[in-house]
Amino acid sequence: MLDAEIAGLAPAFKAVADKIWSTPELCFAEHRSVALQIDAMAAQGFRIAPRLAGLDTAFSAEWGEDGPVIALLGEFDALPGLSQIAGSAQQQPLEPGGNGHGCGHNLLGGGSMLAAAALVRVLKQTGIRARIRYYGCPAEEGGWGKGYMVRAGAFDDAAVAIGWHPGVFNGVRARSTLAVVNRAYRFRGTAAHAAMAPHLGRSALDAVELMNIGANFLREHVPPDVRLHYAITDAGGVAPAVVQARAEVLYMIRAPELDEVHDLVARVDDIARGAALMTGTEVEFLPQGGASNVLPNAVLCHVMHGVMQRLGRLDFTYGERIFAEEIRSSLPAQGSVDRRARAEQDVLLPSGEGRLPLHEGLRPFDGRMTQGSGSTDVGDVSWVVPVVECSTATWAVGTPSHSWQAVAQGCSPAAHRGMVRAAATMAGTALELIANPSLIQQAREEHQERRDGRMYVSLVPADTLGPFRSGGDL
Ligand SMILES: [Zn+2]
């Protein structure tokens, strides 16, 4: 019954995903993408709650009166500078300097909405009671939209949350991510003629450079899974003959646990103070938000993995494989990635098919959780409600996210196929949970154990949006 509903609704949601691909909007400015999604969900009979948490581009779409609240997570923001013609294996911007869906979020929202709409059809036919709520989450790319939604209590009554991400493999995302804090350091010095009166100048750019040197030495003395990176967002001007009176550097500071991140932030702050002292400048700390690490949930991963096993192999057509091969030939050689990808082709594929350009099998899952090195605001959601996510193959093996190749594949037949598989996986997982409340109970008990008495700490700025940087930070 579910398969038929997914298949029947798929064309409508593929069309929405394609329209959003054609309307790439950056974080907190996804107005047209949100309007497209709201229209699609209203047409399916969902009740729309606009402007969640006071954010213009956050909304929810809900169906059902009682029963457990099943949250489905959607995203739809794009990235700057990644404009690319669809279906081309050569880098060709559609609009020079324009935005592009380099993280597949056009598919992400489309797949989660398709799952929600199909679930509702099944619930209507069976009379099973549950509330299905799709969350339109803005600004995953550097704006941490879900952090605002979690802080406003938008997930407080959800029983579980289910999501997915477009990718290069099929399987549950049985992993944590790194907690991250974004922090800008703004230095102020004194301008002077750099040749005629250098002794009167105090260079804010010098302070930024010395701070970065200090941070680079710090790297040797932090745990191995810490990630520390920066961008100079204001170099103080373009005239070498003017001592730079202002300069600013934006840091991303990441570690597996939030308390480790806070320790690191204190050490980086000290480095900034030292740089200010050395250069006779002043420094101001500007918090730019952040995201919690994902708390994975083994109970939910087992349920979702079982659903994926039953769905079986994801077959791509000859034409889809050919395009994937073309994309792969545009990528730098990635022997290790290929070897890993081949190792992940599991029981669903006969041996020898591990060299396919698209993952058609299923990544094994043995209950163990791994530590990823990226970050996502799904982490914030995972601190208040048990979350499970899958990946499906929407891109050729080896395609990095945030690349033009990901944009080029973003509305291809293979991407649609992966999106529909993700929807079937999420809806199948939800149905199994609704039918077995004890699984939800077990997932919530595991969630409490992983939290281990710790409170959720919101990292986003206190003002509604606060200062944030647009795009491409993850
Ligand atoms: Zn993404």
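Refer to the preceding data block for the structure.
Reading the values: rules and limits
Residues numbered from 1 in each chain as written. Predicted model: local features only at pLDDT ≥ 70, side-chain atom pairs only at ≥ 80, totals over all residues. Heavy atoms only, no water. Helix = DSSP H or I, 4+ residues; strand = E, 2+ residues; numbered from the N terminus. Expected span 1.5 Å × (residues − 1). Bend = angle between axes of the 7 residues up to and from the residue. Buried < 20%, exposed > 50% of the residue type's maximum accessible area, 1.4 Å probe, protein only. Contact = heavy atoms within 4.5 Å. Donors = N, O, S within 2.8 Å, 3.2 Å for Na, K, Ca; no water. Pairing = 2+ DSSP bridges. Polar contact = N/O pair within 3.5 Å; in protein donor to acceptor, adjacent residues only side chain to side chain. 1 Å grid on protein atoms, 1.4 Å probe; cavity = no way out; pocket = protein on both sides within 12 Å on 5 of 7 lines; lining within 4 Å. Points joined across faces, edges and corners; volume = space filled by probe spheres on them. Nonpolar A, V, L, I, M, F, W, Y, C, P; charged D, E, K, R; others polar.

*Asks:* Break down helix H1 (residues 2–21) for me, with residues and values.
*Replies:* In this model H1 runs 27 Å from its N-terminal to its C-terminal C-alpha over 20 residues, within 8% of the 28 Å that 1.5 Å per residue would give. Approximately 45° is the largest bend angle found in H1, and it occurs at Ala10, with the proline Pro11 only one to four residues beyond. Where H1 is concerned, the buried positions are Leu2, Glu5, Ile6, Leu9, Ala10, Phe13, Val16, Ala17, Ile20 and Trp21. As for H1, its buried residues are in contact with helix H2 (31–43), helix H3 (105–126), helix H11 (404–408) and helix H12 (413–435).

*Asks:* Residues and numbers for the coordination of the zinc ion, please.
*Replies:* Only Cys103 (SG), His105 (NE2) and His165 (NE2) from the protein coordinate the zinc ion, and they sit 2.1 to 2.3 Å from it. All donors of the zinc ion belong to a single chain; written as a sequence motif, their spacing is C-x1-H-x59-H. On the criterion of sequence distance, the pair formed by His105 in helix H3 and His165 in strand S5 (residues 160–167) is long-range, its members being 60 residues apart. Like His105, the residue His165 is buried in the burial classification.

*Asks:* Outline the pairing of strand S10 (residues 246–255), supporting the account with residue identities and numerical values.
*Replies:* Across the 10 residues that make up S10, a large majority, 9, are buried. Relative to S10, strand S8 (residues 179–188) is paired through 10 bridges, and the arrangement is antiparallel. Bridge pairing links Ala179 to Ala255 in S10. In terms of strand pairing, strand S9 (residues 227–234) meets S10 through 7 bridges, oriented antiparallel. Each residue of the ladder has a partner; that of Ala231, found in S10, is Leu250.

*Asks:* Explain the side chain of Ser176 to me, and be specific about the residues and the numbers.
*Replies:* Structurally, Ser176 can be placed in strand S7 (residues 175–176). For Ser176, a relative accessible area of 9% corresponds to the buried category. Among the polar contacts made by the side chain of Ser176, one reaches the main-chain carbonyl oxygen of Val294 at a distance of 2.6 Å. Beyond its immediate sequence surroundings of up to four residues, Ser176 is in contact with Asn293, Val294, Pro296, Thr370, Gln371 and Gly372.

*Asks:* So, H3: which residues are in play, and what are the values?
*Replies:* Each full turn of the α-helix corresponds to 3.6 residues, which orients residues three or four apart in the same direction. Between its first and last C-alpha, H3 extends 32 Å over 22 residues, near the 32 Å set by a 1.5 Å rise per residue. Counted residue by residue, H3 has 18 buried out of 22 residues, so it is predominantly covered. Two residues or fewer past H3, Gly127 is found with a positive phi of approximately 75°.

*Asks:* Explain the layout of surface pockets to me, and be specific about the residues and the numbers.
*Replies:* Its boundaries defined by the atoms lining it, the second largest pocket holds a volume of some 220 Å³. Along the walls of the second largest pocket sit Asp3, Ile6, Lys14, Leu311, Leu314, Asp315, Pro413, His416, Arg417, Val420, Arg421 and Ala424, which together make up its complete lining. For the lining of the second largest pocket, the elements supplying multiple residues, two or more each, are H1 and H12. Here the lining of the second largest pocket gets 6 residues from one element, more than from any other, and that element is H12. Each residue belonging to the lining of the second largest pocket can be placed in one class, and the counts come to 6 nonpolar, 1 polar and 5 charged.

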